[in-house]
Amino acid sequence: MSFSLIGTGSALPKTIQTNSDLTAFLDTSHDWILSRTGIESRHICIEESILDIALSASVNALENADIQPKDLDLIICPTLGGDTITPSLACLIQEKLGATCPAFDINAACSGFVYGLDLADAYLSRGKPMKILIIAVDAMSKLVDWTDRSTAVLFADGAGAAVITNGNDLKSIYISAVGNQHALCIPWAKGNHPGLEKQDLAIPYLTMDGPEVYRFAVAAICDDLKRVAKEAGIRLEDLDFIVPHQANLRIIESAAKRLKIPMGKFVLGLQNTGNTSAASVPLALDDLNRSGKLKPGMLIAMTAFGGGLTTGACVLEWSKEA
Ligand SMILES: CC(C)(COP(=O)(O)OP(=O)(O)OC[C@H]1O[C@@H](n2cnc3c(N)ncnc32)[C@H](O)[C@@H]1OP(=O)(O)O)[C@@H](O)C(=O)NCCC(=O)NCCS
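Residues numbered from 1 in each chain as written. Predicted model: local features only at pLDDT ≥ 70, side-chain atom pairs only at ≥ 80, totals over all residues. Heavy atoms only, no water.

Caption draft 1: Structural context of the UniProt feature "domain: Beta-ketoacyl-[acyl-carrier-protein] synthase III N-terminal" (unreviewed entry) in the protein chain. Per the UniProt annotation, the sites labelled "domain: Beta-ketoacyl-[acyl-carrier-protein] synthase III N-terminal" (unreviewed entry) are residues 104–171. Helix makes up 25% of residues 104–171 and strand 34%, with an end-to-end C-alpha separation of 26 Å. (UniProt positions renumbered as here; feature names shortened; annotations may be inferred. Helix = DSSP H or I, 4+ residues; strand = E, 2+ residues; numbered from the N terminus.)

The following block contains the structure:
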């Protein structure tokens, strides 16, 4: 059981919305958002489709891995949903890239990238040589209610990708789910059957119990990181970098304090991205990969939590040369 990560990529939509921009239509303030979340600005798909940013991140990752689309054996797309329910986003990425491999979406909300790594690892454990693109993308701006200040200020859009293949980077991985519709939910539209009541026809948006998710998130980061470190046979202090889900700076600070891990080891990008759901971990991973700070032999952990409720974490020993 293992794989090597040979390339990363990411993409953000062009339109930047600052906290101050939000005050034009929400009863909120830059200071409230910054002090409660650490977020200063976010990127929103206005000109781009979801497919556009997914494609850019995929192309970046393939270039970084130095492989061609035709070399891919599988495309896995962790997402809450693309521009269409069907075709899946993964199938449209396959078409636009010019790849010929199987392609499908998975939904584990913000934990989707780690779920995707776990799934890819299972494919690779068959022993056949494979190159797998995991392209995690979400456009939360299309799923939140822009009149609800308690959720709209938190979420945003982005895409993050990784190419993995047979190898020995992965030291441990863990995914979990605890079904819970109350904590975080985005319902489907109910359709327009004439038997439905008029009030059922409204487009539904994300609802969330913020404090419940907050408590769940801190516990998940702590429990999952301890578990994957133990399974990898390392101590938490051996980790060089931790790439956490970029939901809220306070969540990360609380977990860091409980685990006694210096904040300097956590890769942070949420100030300028907000919570991009499934894209958040691979976006931060791509920043780290391109920062020049990673050296072969370094130990990195990823940790994510999100709707479902789901969680996921893993430990990798980085092998890619800069
Ligand atoms: C949502 C969250 C930022 C709220 O922070 P908080 O510190 O719990 O906020 P509080 O409960 O102390 O404050 C809520 C108050 O702020 C107000 N408020 C909420 N959003 C606001 C906003 N954008 N601007 C100004 N005030 C706001 C509320 O109306 C409430 O006011 P009241 O006390 O008068 O009723 C926090 O709970 C959180 O981050 N939860 C986790 C969410 C998450 O990560 N979700 C994604 C999971 S993948």
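Caption draft 2: Region of interest: the side chain of Asn-248. With respect to the element layout, Asn-248 can be found in the loop between β11 (241–244) and α8 (249–259). Separated by 2.7 Å, the side chain of Asn-248 and the backbone nitrogen of Arg-250 make a polar contact. Apart from residues lying up to four places away in sequence, Asn-248 is in contact with Arg-36, Thr-37, Tyr-214 and Leu-270. (Polar contact = N/O pair within 3.5 Å; in protein donor to acceptor, adjacent residues only side chain to side chain. Contact = heavy atoms within 4.5 Å.)

Caption draft 3: Geometry of the sheet that holds strand β8 (residues 170–177). Read across the open sheet, the 4 strands follow the order β8-β13-β12-β11; overall the sheet is mixed. In the strand order of this sheet, the two ends are held by β8 and β11, each with one partner. Between one strand axis and the next, the sheet turns through 10 degrees on average, direction left out of account. Where β8 and strand β13 (residues 310–317) come together, 7 bridges link them in antiparallel fashion. Bridge assignment links Leu-170 to a residue of β13, and that residue is Leu-316. Where helix α5 (residues 112–124) meets the sheet, it contacts β8, β12 (299–306) and β13, and its direction lies at approximately 120 degrees from that of β8. Of the strands in this sheet, β8, β11, β12 and β13 touch helix α7 (residues 210–232), which is tilted by about 35 degrees from β13. (Pairing = 2+ DSSP bridges. Axes fitted to C-alpha atoms, helices over the stretch in contact; angles between N-to-C directions.)

Caption draft 4: Fine view of the pattern of salt bridges. With the rule as written, the count across this model stands at 6 salt bridges. Between Arg-149 and Asp-27 there is a salt bridge; the shortest N-O distance is 3.5 Å. One end of the pair, Arg-149, is in helix α6 (residues 149–152); the other, Asp-27, is in the loop between α1 (19–22) and α2 (30–37), with 122 residues separating them in the sequence. A relative accessible area of 47% means that Arg-149 is categorised as partly exposed. For Asp-27, a relative accessible area of 61% gives the class exposed. Note that Asp-286 and Arg-290 form a salt bridge whose closest N and O atoms lie 2.6 Å from each other. (Salt bridge = Lys/Arg side-chain N within 4 Å of Asp/Glu carboxyl O. Buried < 20%, exposed > 50% of the residue type's maximum accessible area, 1.4 Å probe, protein only.)

Caption draft 5: Expanded view of the packing of α7 against α8. For the pair α7 and α8, the least separation of the axes is 9 Å and the interaxial angle reads 45 degrees. Looking at the two axes, α7 sits oblique to α8. Of the two elements, α7 crosses α8, and the hand of that crossing is right-handed. Here Tyr-214, Ala-217, Val-218, Ile-221, Cys-222, Leu-225 and Lys-226 of α7 come into contact with α8, specifically with Arg-250, Ile-251, Ser-254, Ala-255, Arg-258 and Leu-259. Residues belonging to the contact of α7 with α8 are distributed by class as follows: 9 nonpolar, 1 polar and 3 charged. (Parallel < 35°, antiparallel > 145°, perpendicular 65-115°, else oblique. Left-handed = near helix turned anticlockwise from the far one by under 90°. Nonpolar A, V, L, I, M, F, W, Y, C, P; charged D, E, K, R; others polar.)

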